[in-house]
Amino acid sequence: MSDDHTRVQEFFGARAADWDRRFPDDGPAYAAAVGDLGLRPGDRVLDAGCGTGRALPPLREAVGPTGVVVGVDLTSAMLTAAVRAGRGRDGHLVLADVACLPLRSAVLDAVFAAGLVAHLPRPQENLRELARVVRPGGTLALFHPIGRAALAARQGRRITPEDLRAEPNLRPLLGGSGWRMTSYADEDARFLALAVREP
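Position labels on residues start from 1 in each chain and follow its written sequence. Two thresholds apply to this predicted model, a pLDDT of at least 70 for residue-level local features and 80 or more for giving and counting side-chain atom pairs, whereas whole-chain, interface and lining totals are computed over all residues. Hydrogens and water molecules were not included; the side-chain quantities draw on all heavy atoms of the structure.

J.: How should the packing of aromatic side chains be read in this particular structure?
T.: Aromatic ring pairs: the centre-centre distance and the angle between the two ring planes describe each pair. Stacked, edge-to-face and tilted labels apply to pairs of Phe, Tyr and Trp rings (six-membered ring for Trp) whose centres lie within 6.5 Å, assigned for plane angles under 30 degrees, over 60, and everything in between, in that order. Within this structure, the stated rule accounts for 4 aromatic pairs. Pairing Y184 with F191 gives two aromatic rings, centres 5.4 Å apart and planes at 90°, and the pair type is edge-to-face. Exposure remark for Y184: the relative accessible area of 22% places this residue in the partly exposed category. Throughout this description, buried means an accessible area under 20% of the type-specific maximum (1.4 Å probe, protein chains only), exposed means over 50%, and partly exposed covers the range between. For F191, a relative accessible area of 3% corresponds to the buried category.

Listed below in structure tokens is the structure:
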């Protein structure tokens, strides 16, 4: 396992038990972002880096009982917290690395990824892996419940020009990974970039 993976597991593992208590008001933002993904009943969707599974209930609601919801996370403590919160009922939880997904190619209709991009060790390669498992024309949502400026302020840092989530950086990153960005919103209340899987 790489140092990047170990750092991510240590960071989130230490915070998993009280993660939801730290961010108790994010539910509506998750539900709204899932709504913007355009899922239909029967769709198959991956929550990449699902953490405690906050997106799983709205994802399940969107795809209905005939759809498939899979939550993948690198940190077992986060998945344990998801089960403890009852979110394991809304999707299949899998301990895995989004850089090497245990899924066949082109089996999904969509990927939802909350707060994931900043933690990818090789962003272009890792986003290409997400594209691999999505059918052509499928969708990707890169989401965060607050915008880049608000997040930087919360963390006591400044936004840098190198920030992967800045539109001038993210658009070509997605384009080189098999995705075409279709919309971009970076507001105080949320960050949401939507993309379509290229043929």
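Back to the text.
J.: It is not clear to me how the pairing of strand β4 (residues 108-114) should be interpreted in this structure. Could you clarify?
T.: The side chains of a regular strand alternate, first on one face of the sheet and then on the other. Each helix is a run of H or I in the DSSP string that is no shorter than four residues. Each strand is a run of E no shorter than two, and both are numbered from the N terminus. Burial runs high along β4: 7 of the 7 residues are buried. DSSP bridges decide pairing: two strands pair if at least two such bridges lie between them. Pairing analysis gives 3 bridges linking strand β1 (residues 44-48) to β4, with the strands arranged parallel. Note on β4: the bridge partner recorded for L46 is V111. Direction of pairing for β4 relative to strand β5 (residues 134-144): parallel, over a ladder of 6 bridges. The residue bridging V111 from the neighbouring strand is L140, located in β5.

J.: Looking at this structure, how should I read helix α8 (residues 167-175)?
T.: Every α-helix winds through 3.6 residues per turn, so residues three or four apart in the chain are directed the same way. By the burial criterion, the buried members of α8 are L170, L173 and L174. The arc enclosing the buried residues of α8, seen along the axis, measures out at 95°, which places them on a common side. Contacts are assigned to residue pairs that have any heavy atoms within 4.5 Å of one another. Contacts made by the buried residues of α8 are with α6 (123-132), β5, β6 (179-187) and β7 (190-197). The directions from the helix axis to the C-beta atoms form the arc being described.

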